[in-house]
Amino acid sequence: MSRTALILPVRNAGRHLDRLLPALAAQSLRPDEWLALDSESSDGSRARLLAAGASVVSVRAADFNHGGTRRLASELTDAKVLIYLTQDAIPAGPDALRRLRDALLADDDIGVAYGRQLPQPDAGLLGAHARRFNYPPFSRTKRLADAAELGIKTCFSSDSFAAYRREALREVGGFPVDVIGSEDAHVAGRMLLAGWAVRYEAAACVHHSHDYGLLEEMRRYFDIGVFYGRERWIAERFGRAGAEGRRFVRSELETVRRAGQPWRQSEVLLRCALKLAGYRLGHVERWLPRALKRRLSMFPAYWK
């Protein structure tokens, strides 16, 4: 079986490690290597990870970059399968890692497999809905020919919980070193164009969700807009997200109605307006002053 490395970027992960470390210890798949990339944690995360058996590599917080740090990790191991997991993605059941690895290796042309993300136990209504909408209970292998049907969702992937085939990652140039985020969509898109497949494996599950505030939502979509505004090849080859966005909003409105909270429909529409505003501002970020971009972004350090 292919040599496997588990890669975990962390920063002040203490409150998540209480659940994450026992969940990893219970996994039926024991990775051959476990790399943690620690961005100057000050809460004892480094010591806890070392005690749990991880090899910990220090990354200056000022140098952290979603694509660049993941690329660094891939260069520190010779494993053929690279499983990336974020500190707040908690494996749901003892077979999560094994099922993800097996999904990646099920067909020779699968370059990346990503798992299903379930809401955290304490997730709010809208945060839980977002996970159920984007991570359905059925698996699918996506290839370039599916773009006519799936549009931009063809290259949807999430490296909060994903396994990459080193051969495929190397062929497409690895993780991009200077993107504000969405490095997983970048890699998946490049793989699809190079003839590799993207696998969504619904049987490999983690608990991972967020309850964003209104302004957090806008800032998150500003960063997404920056990414897609700069990586215009994705829309050109796979299509835009407009139809999928409208379907998501309709689903959100129906969710709050069915939950007996129809008054929250106005909140849903406000969130939609703020996300759209953030996304469009991100698309024209080259015309915005740097100070404003720092205020609008979830990652102000990116705008050095």
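Residues numbered from 1 in each chain as written. Predicted model: local features only at pLDDT ≥ 70, side-chain atom pairs only at ≥ 80, totals over all residues. Heavy atoms only, no water.

Caption draft 1: A negative patch on the surface, seen in detail. A surface patch of negative charge is lined by Asp107, Asp108, Glu167 and Glu171. According to the relative accessible area criterion, Glu171 is partly exposed, its value standing at 47%. (Patch = residues over 30% accessible without salt bridge, like charges linked within 9 Å, V, L, I, M, F, W, Y side chains within 5 Å. Areas by Shrake-Rupley, 256 points an atom, 1.4 Å probe, with all protein chains shown as cover. Salt bridge = Lys/Arg side-chain N within 4 Å of Asp/Glu carboxyl O. Lys, Arg positive; Asp, Glu negative; His and termini not counted. Charge placed at Lys NZ, Arg CZ, Asp CG, Glu CD. Buried < 20%, exposed > 50% of the residue type's maximum accessible area, 1.4 Å probe, protein only.)

Caption draft 2: Region of the structure containing the pairing of strand S2 (residues 33-38). Taken across its six residues, S2 has six buried, putting it largely inside the fold. Here strand S1 (residues 4-10) pairs with S2 via six bridges, running parallel. When the sheet's bridge partners are listed, Ala5 is paired in S2 with Glu33. In this fold, S1 hands off to helix H1 (residues 14-25), which returns the chain to S2; that crossover is right-handed. Examined bridge by bridge, S2 and strand S3 (residues 55-58) share four bridges and lie parallel to one another. From the neighbouring strand, Asp38 faces S3, where its bridge partner is Ser58. (Helix = DSSP H or I, 4+ residues; strand = E, 2+ residues; numbered from the N terminus. Pairing = 2+ DSSP bridges. Right-handed = clockwise from strand over helix to strand, strands pointing away.)

Caption draft 3: Structural view of helix H5 (residues 125-134). Of all ten residues that make up H5, seven are buried, and the element is covered over most of its length. If you check which residues of H5 are buried, you get Leu126, Gly127, Ala128, His129, Ala130, Arg131 and Phe133.

Caption draft 4: A look at the UniProt feature "domain: Glycosyltransferase 2-like" (unreviewed entry) in the protein. According to UniProt, the positions carrying the feature "domain: Glycosyltransferase 2-like" (unreviewed entry) are residues 6-172. For residues 6-172, helix accounts for 36% and strand for 23%, while the C-alpha atoms at its two ends are 21 Å apart. (UniProt positions renumbered as here; feature names shortened; annotations may be inferred.)

Caption draft 5: Broad picture of the environment of Leu215. For Leu215, the position within the fold is in helix H9 (residues 214-230). Put simply, Leu215 and Phe238 are 23 residues apart on the chain and 29 Å apart in space, counted from C-alpha to C-alpha.

Caption draft 6: Summary view of the layout of surface pockets. A volume near 300 Å³ is recorded for the second largest pocket. Lining the second largest pocket are 13 residues; nearest its centre among them are Asn134, Pro136, Phe138, Leu150 and Lys153. Those elements giving two or more residues to the lining of the second largest pocket turn out to be H5, strand S7 (140-142) and helix H11 (242-258). Among the residues forming the lining of the second largest pocket, the class breakdown is seven nonpolar, one polar and five charged. (1 Å grid on protein atoms, 1.4 Å probe; cavity = no way out; pocket = protein on both sides within 12 Å on 5 of 7 lines; lining within 4 Å. Points joined across faces, edges and corners; volume = space filled by probe spheres on them. Nonpolar A, V, L, I, M, F, W, Y, C, P; charged D, E, K, R; others polar.)

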